[in-house]
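Fold and geometry: a report
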Amino acid sequence: MTNQTARPSKEERYANLIPMEELHSEKDRLFPFPIYDKLRRESPVRYDQQRDCWDVFKYDDVQFVLKNPKFFSSKRGIQTESILTMDPPKHTKLRALVNRAFTPKAVKQLETRIKDVTAFLLQEARQKSTIDIIEDFAGPLPVIIIAEMLGAPIEDRHLIKTYSDVLVAGAKDSSDKAVADMLHNRRDGHAFLSDYFRDILSKRRTEPKEDLMTMLLQAEIDGEHLTEEQLIGFCILLLVAGNETTTNLIANAVRYLTEDSVVQQQVRQNTDNIANVIEETLRYYPPVQAIGRVAAEDTELGGVFIKKGSSVISWIASANRDEDKFCEPDCFKIDRPSYPHLSFGFGIHFCLGAPLARLEANIALSSLLSMSACIEKADHDEKLEAIPSPFVFGVKRLPVRITFK
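Values in this document were obtained by computation on a predicted structure and should not be read as measured data.

Thresholds, definitions, all that
Residue indices begin from 1 for each chain and proceed along its sequence in written order. Where local features are concerned, this predicted model is filtered to residues with pLDDT of at least 70; where side-chain atom pairs are given and counted, the filter is 80 or more; whole-chain, interface and lining totals use all residues. Values shown for side chains rest on all heavy atoms present in the structure; no hydrogens or waters enter the calculation. Each helix is a run of DSSP H or I of at least 4 residues and each strand a run of E of at least 2, with the numbering of both proceeding from the N terminus. Atoms counted for the radius of gyration: C-alpha only. Globule rule: 2.2 Å times the number of residues to the power 0.38. Only heavy atoms enter the contact rule, under which two residues are in contact if any of them lie within 4.5 Å. Per-residue and other accessible areas follow the Shrake-Rupley method at a 1.4 Å probe size, with only the shown protein chains counted as cover for residues. Working convention for charge: Lys and Arg count positive, Asp and Glu count negative, and His plus the chain ends are omitted. Charge positions come from single atoms, namely NZ of Lys, CZ of Arg, CG of Asp or CD of Glu. Note on pairing: two strands pair once DSSP finds at least 2 bridges between them. Within this scheme, the nonpolar core is defined by two criteria: the residues are buried Ala, Val, Leu, Ile, Met, Phe, Trp, Tyr or Cys, and they are joined through side-chain atoms within 4.5 Å. The cut-offs for exposure are 20% and 50% of the maximum accessible area for each residue type, with area from a 1.4 Å probe on protein chains only; residues under the lower value are buried, those over the upper are exposed, and the others partly exposed. Note on geometry: axes are lines fitted to C-alpha atoms, helical ones only across the stretch in contact, with angles between N-to-C directions running from 0 to 180 degrees. Salt bridge criterion: a side-chain nitrogen from Lys or Arg within 4 Å of a carboxyl oxygen from Asp or Glu. Pairing of aromatic side chains requires ring centres within 6.5 Å, counting the rings of Phe and Tyr and the six-membered ring of Trp. Pairs whose planes differ by under 30 degrees are stacked, by over 60 edge-to-face, and all others tilted. Here the angle decides the label: under 35 degrees means roughly parallel, over 145 means roughly antiparallel, 65 to 115 means roughly perpendicular, and every other value means oblique. For this scheme, ten residues count as nonpolar: Ala, Val, Leu, Ile, Met, Phe, Trp, Tyr, Cys and Pro. Four count as charged, namely Asp, Glu, Lys and Arg, and the remainder, Gly too, count as polar.

Helix and strand counts for the protein stand at 16 helices and 12 strands. For 405 residues, the compact-globule estimate of 2.2 N^0.38 gives 22 Å, and the protein sits close to it at 21 Å. A principal-axis box enclosing the C-alpha atoms of the protein has dimensions of 60 × 60 × 45 Å. Taking the intrachain contacts of the protein between residues at least 6 apart in sequence as the baseline, contacts between residues at least 24 apart amount to 73%. About 18300 Å² of surface is accessible on the protein, with carbon and sulfur atoms providing 50% of the total. Put simply, the protein has 53 plus and 60 minus side-chain charges, and the middle of one group is 1 Å from the middle of the other.

Shown next as C-alpha cells:
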C-alpha cells in the first residue's frame, strides 16, 4: 500500500461492513431486491472471496442460521462486548435483565411522550413547504425517545444522530484502504460515544434517577453488577439500533407511500391498516437487510460445507422475498394473512426494541396520515441517495411535500 495505513486484519474485515460487488451502482443500492432474487435462485449459499464470507439468501437457511447460536456464534473480534455479540449463557442472563425496559407495560408508558414528540415535530413541519422526512421527522423522533431513556440531554440529539450514523456506515468498497478508513471512523465514533455515556454513568452513580441508565447500574446478574464495558456497550447498541432501525422503518414506509398512491389512499380510508403497513414495510423495505454470524464449528448449510471460524452473512432482505415463503413476494400487500418476516431477527437475538419501534412507527404514521390529505415526492426528478451501509437499508434524505388538512 502507498500510505501508512495498516492492513486490516481478517477479524477487522468484517464482511457485513463491506459491500457486495453486485451492488455497485446507486440504483442497485436503492433497490437491491432483483439482485437478491437472482442470487437466491442461482447460489442460495455462496462464498464471496472478496469479502471472505459465506452469503445466505433463502428464508429457511437464513432462519436456521439466526436460531442456532450453537452453530453460528454472535461473537466477533471488532466490537466492544455487548448483548448483540454474546452467546448463551451470558447472553441469556443479560437479556433477561435489560428486557425489563422493553416489556409491553414499560413500552406502553412511553406512548404519551411519543405522541407529544410526534405532534411537536409535525407542527414544526407545517411551517415548511417541503420537509425532509429523515431530518425533520423520522430522525428526531426515536433519537429524542432513546436520549430520554438513557438520560442524555435532548439538545444533544443531533450529536447522537451524527455518531449513530458513523457506526452503521460501511466501507465504500472491499479495498484495504476503504476498510481501514471505515474502521478509523468507527473507532473514533465508538470512542466518542463511550466517553459520552461514561460521563452519564458517572453522574447516575451519584445522582440516581428513574431511568434506564440507573436501572442498569443497580441491576445484578448472579450477585454481580454489570461491568462498565457491558453498560457502555449496551447503551451504544440501544442508541444505534433503536435510532437507525426506527428512523429507517418510518422513512421507508413513507418512501413506499409516495411510490404507491393507491396504497396511500387505502390506508387513509382505513387507518386500522397502519399496523399492516408497518409489517409489510419491514418485509418489503427492511431497515436492516443483513445480519452477521461466525461459524462456531464445521457445519453444513444448504448442501454446502462451512468451516469453523468462517463469517456467515444472512441476507434477511432476500429471505423476506423468498417465493417459497411468501405469495407474490415482490408485491406490497397490506392484506397479507401473516407477516413472518425476519426483519427483527429471529431466535435469542430477536430485536429487543421491536415493540418500541413498532409503537413509534404506528404513532408516527397514524399522526402523519391523519393530519394530511396527500404526501408526495417534493421533486419527482430528484434522485434518492442510499445510506452508505451494506447492512442498513434506507435513504440519506427523503424530501416530500405534504398537503396538510
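Continuing now.
Quick look at the pairing of strand S1 (residues 45-48) now. One ladder, built from 4 bridges, connects S1 with strand S2 (residues 53-56); its direction is antiparallel. Residue aspartate 48 lies in a different strand from S2, and its bridge partner there is cysteine 53. Between S1 and S2, which pair antiparallel one after the other, the connecting turn spans 4 residues, and aspartate 52 there sits at a positive phi close to 50 degrees.

Counting 128 residues, the largest nonpolar core has Ile133, Leu150 and Phe197 as its most contacted members. By residue number, the principal contributor to this core is helix H12 (residues 228-259), which donates 15 residues. Aside from chain neighbours lying at most four places away, what touches leucine 150 is Phe197, Ile200, Leu212, Met213, Cys235, Leu238 and Leu239.

Pairing in this open sheet of 3 strands is antiparallel, and the strands run S4-S12-S11 from one edge to the other. The sheet terminates laterally at strand S4 (131-132) and strand S11 (372-377), the two strands that pair on one side only. When S11 meets strand S12 (residues 399-404), the two strands line up antiparallel, connected through 5 bridges. Of the residues in S12, the one forming a bridge with serine 372 is phenylalanine 404. Helix-sheet contacts for helix H16 (residues 354-371) involve S11 and S12, and the interaxial angle to S11 is about 105 degrees.

Pairing within the open sheet is mixed, and its 5 strands lie in the order S1-S2-S10-S7-S3. Both outer strands of the open sheet, S1 and strand S3 (72-73), are each paired with one neighbouring strand and no more. The sheet strands contacting helix H3 (residues 59-67) are S1, S2, S3, strand S7 (291-295) and strand S10 (311-314), and the helix crosses S10 at an angle near 125 degrees.

Overall, the coordinates contain 31 salt bridges when judged by the stated rule. For aspartate 322, the salt bridge is made with lysine 58, and the minimal N-O distance between the two is 3.4 Å. Linking aspartate 322 in the loop between helix H15 (316-319) and H16 with lysine 58 in the loop between S2 and H3, this pair joins segments that are 264 residues apart in sequence. When its relative accessible area of 2% is taken as the criterion, aspartate 322 is described as buried. The shortest N-O distance in the salt bridge between arginine 113 and glutamate 148 comes to 2.7 Å. Residue arginine 113 is found in helix H6 (residues 111-125), and its partner glutamate 148 is found in helix H8 (residues 140-150); the two are separated by 35 residues along the sequence. We classify arginine 113 as partly exposed; its relative accessible area is 32%. Here the salt bridges do not stand alone but share partners, grouping Glu22, Arg46, Asp48, Arg51 and Asp55 into one network.

Attention shifts here to the packing of aromatic side chains. Considering all chains together, one arrives at 21 aromatic pairs under this definition. When the centroid spacing of 6.3 Å and the interplanar angle of 20 degrees are considered together, the rings of phenylalanine 192 and tyrosine 196 count as stacked. Within this pair, phenylalanine 192 and its partner tyrosine 196 are both found in helix H10 (residues 176-206), separated by 4 residues, close to a single helical turn. Ring centres of tyrosine 284 and phenylalanine 332 lie 5.5 Å apart, and the angle between their planes is 75 degrees; on these two criteria the pair is classed as edge-to-face. Here phenylalanine 332 lies in the loop between H15 and H16 and tyrosine 284 lies in helix H14 (residues 274-284), a separation of 48 residues in the sequence. The burial state of tyrosine 284 is the same as that of phenylalanine 332; both residues are buried. Aromatic ring contacts, followed pair by pair, group Phe31, Phe33, Tyr36, Phe57, Tyr256, Tyr284, Tyr285, Trp315, Phe332 and Phe393 into a single cluster.

To continue, consider the packing of H12 against helix H13 (residues 261-269). When two helices pack together, their arrangement is given by the angle between their axes and by how far apart the axes lie. At a closest axis distance of 5 Å, the pairing of H12 and H13 adopts a crossing angle of 110 degrees. Considered as vectors, H12 and H13 are oriented roughly perpendicular to each other. Each of Tyr256, Leu257, Thr258 and Glu259 in H12 lies in contact with H13, whose residues at this interface are Ser261, Val263 and Gln264. Residues that form the contact of H12 with H13 fall into these classes: 3 nonpolar, 3 polar and 1 charged.

Now for the pairing of S10. Here S10 shows two buried faces, one formed by Ser311 and Ile313 and the other by Val312 and Ser314. Sheet topology note: the S7/S10 ladder contains 4 bridges and is antiparallel. By the bridge assignment for S10, valine 294 is matched with serine 311.

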